[in-house]
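Residues per chain are reported as follows:
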Amino acid sequence: MTKIIKLNVIPPPSAKKKTIFTIDEKDVLIKGVELESHICGNCGFVLAENIMVYNYRDVMLQCPNCKSYNGDPKSNSF
Ligand SMILES: [Zn+2]
């Protein structure tokens, strides 16, 4: 069963240190084969389906629904 992980809403990046995944369409940004899905910490929109976000250590996910920036809740690198 897929585990749902709510990401932390983080401030917009002040410098271009990290890769930002974002798209204009309201669809899942990343799909994979792992048993975890990651949802927006603000609105609950599914940002990354079935991935381990730890594989994407230096990225943040911008929610296409509410435009919040989301980072890994377990990592200080976000
Ligand atoms: Zn959102």
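Described in the following lines is the structure provided in the data block. (Residues numbered from 1 in each chain as written. Predicted model: local features only at pLDDT ≥ 70, side-chain atom pairs only at ≥ 80, totals over all residues.)

## Considerations on the overall build of the chain
Line of reasoning, step 1. When helices and strands are tallied, the chain shows zero helices and eight strands.
Line of reasoning, step 2. In the chain, the order of α-helices and β-strands from amino to carboxyl end is β-β-β-β-β-β-β-β.
Line of reasoning, step 3. Restricting the contact set of the chain to residue pairs at least 6 apart, pairs at least 24 apart contribute 52%. (Helix = DSSP H or I, 4+ residues; strand = E, 2+ residues; numbered from the N terminus. Contact = placed C-beta atoms within 7 Å.)

## As for unusual backbone geometry
Leave glycine aside and you will find that most residues have negative phi; peptide bonds, for their part, are mostly trans.
Line of reasoning, step 1. One non-glycine residue, K67, adopts positive backbone phi at about 70°.
Line of reasoning, step 2. Residue position: K67 is located in the loop between β7 (59–62) and β8 (69–71).
Line of reasoning, step 3. We classify K67 as exposed; it has 12 C-beta atoms within 10 Å. (Buried ≥ 20, exposed ≤ 12 C-beta atoms within 10 Å, placed from the backbone.)

## With respect to the nonpolar core
Line of reasoning, step 1. In this structure, L7, C40, L47, A48, M60, L61, C63 and Y69 together form the largest nonpolar core, which totals eight residues.
Line of reasoning, step 2. Those elements that place two or more of their residues in this core are β6 (46–49) and β7. (Core = buried A, V, L, I, M, F, W, Y, C linked by C-beta atoms within 7 Å.)

## Observations regarding the pairing of β6
Here is the key point about a regular strand: its side chains alternate between the two faces of the sheet.
Line of reasoning, step 1. Taken together, the two bridges between strand β5 (residues 36–39) and β6 define a ladder with antiparallel strand orientation. Across the sheet, residue I39 finds its bridge partner in β6, namely V46.
Line of reasoning, step 2. Here β5 folds back onto β6, and the loop between the two strands holds six residues, one of which, G44, carries a positive phi near 85°. (Pairing = 2+ DSSP bridges.)

## Let's talk about the pairing of β5
Line of reasoning, step 1. As paired strands, strand β1 (residues 3–6) and β5 are joined by four bridges and run parallel to one another. By the bridge assignment, I5 is partnered in β5 with H38.

## Overview of the environment of H38
Line of reasoning, step 1. Mapped onto the secondary structure, H38 falls in strand β5.
Line of reasoning, step 2. For the pair H38 and K6, spaced 32 residues apart in sequence, the C-alpha to C-alpha distance is 5.7 Å.

## A word on the environment of I39
Line of reasoning, step 1. Within the secondary structure layout, I39 lies in strand β5.
Line of reasoning, step 2. I39 sits in the partly exposed class, given 19 other C-beta atoms within 10 Å.
Line of reasoning, step 3. Here the alpha-carbon distance between I39 and I5, two residues 34 residues apart in the chain, equals 6.2 Å.
Line of reasoning, step 4. Each residue touching I39, except ones within four places of it in the same chain, is listed here: I4, K6, L7, G44, F45, V46 and L47.

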